[in-house]
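The chain contents come next:
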Amino acid sequence: MDISRSTREQKIEISRKYFLVGIPFLPWVWIINVCWFWGDAWSKTNHIPEVRRYVIWSGIGALLHLAIIVAWIAVYQSERVRWGELWDDISLHVPYGSP
């Protein structure tokens, strides 16, 4: 899809849809929204304020999800042994280390 050929209204609508689709915990859609519309949001000659709002909120949401995932991985890796056998049983991949 070539975004550069889209009209201003189409860009706003696409960015809005990507933002709304990303709300139910789909941070990769927000990352795509930020990457695709970064230039339209911060262009000095032809920026679109509505798109800028969606790009900012998509970036914030993606970073928040990333922080949550990193925190969960850190807690799981450090506390897995102490939590007991159940946490090893529900894991697809059990990390090597002391049991």
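Described in the following lines is the structure provided in the data block. (Residues numbered from 1 in each chain as written. Predicted model: local features only at pLDDT ≥ 70, side-chain atom pairs only at ≥ 80, totals over all residues. Heavy atoms only, no water.)

**Looking at the side chain of S15**
For S15, the position within the fold is in helix 1 (residues 8-22). Discounting chain neighbours no more than four positions away, the residues touching S15 are N33, F37, V51 and Y54. (Helix = DSSP H or I, 4+ residues; strand = E, 2+ residues; numbered from the N terminus. Contact = heavy atoms within 4.5 Å.)

**Topic: the packing of helix 1 against helix 2 (residues 27-42)**
Running from N to C, helix 1 and helix 2 point in directions that differ by 155°, and their axes come no closer than 8 Å. When the axis of helix 1 is compared with that of helix 2, the two are roughly antiparallel. The crossing of helix 1 and helix 2 is left-handed. Taking contact as the criterion, the partners of K11, I14, S15, Y18, F19, V21 and G22 in helix 1 are, on helix 2, V29, W30, I32, N33, W36, F37 and D40. Of the residues that constitute the contact of helix 1 with helix 2, the class distribution is 9 nonpolar, 3 polar and 2 charged. (Axes fitted to C-alpha atoms, helices over the stretch in contact; angles between N-to-C directions. Parallel < 35°, antiparallel > 145°, perpendicular 65-115°, else oblique. Left-handed = near helix turned anticlockwise from the far one by under 90°. Nonpolar A, V, L, I, M, F, W, Y, C, P; charged D, E, K, R; others polar.)

**Concerning the packing of aromatic side chains**
Under the counting rule described, the total for this entry stands at 7 aromatic pairs. Each ring, one from W72 and one from Y76, has its centre 5.9 Å from the other, and the planes form 35°; the classification is tilted. Within this pair, W72 and its partner Y76 are both found in helix 3 (residues 49-83), separated by 4 residues, close to a single helical turn. Classification of W72 as partly exposed rests on a relative accessible area of 44%. Aromatic side chains W72 and W83 sit 6.0 Å apart centroid to centroid with 20° between the ring planes, which places their arrangement in the stacked category. Here W83 falls in the partly exposed class, since its relative accessible area comes to 30%. Connected via pairs of aromatic rings, a cluster forms that spans F19, W30 and Y54. Over the ring of Y54 we find R53, and its NZ or CZ is 5.1 Å from the ring centre. (Phe/Tyr/Trp six-rings, centres within 6.5 Å; stacked < 30°, edge-to-face > 60°. Buried < 20%, exposed > 50% of the residue type's maximum accessible area, 1.4 Å probe, protein only. Lys NZ or Arg CZ within 6 Å of the ring centre and 35° of its normal.)

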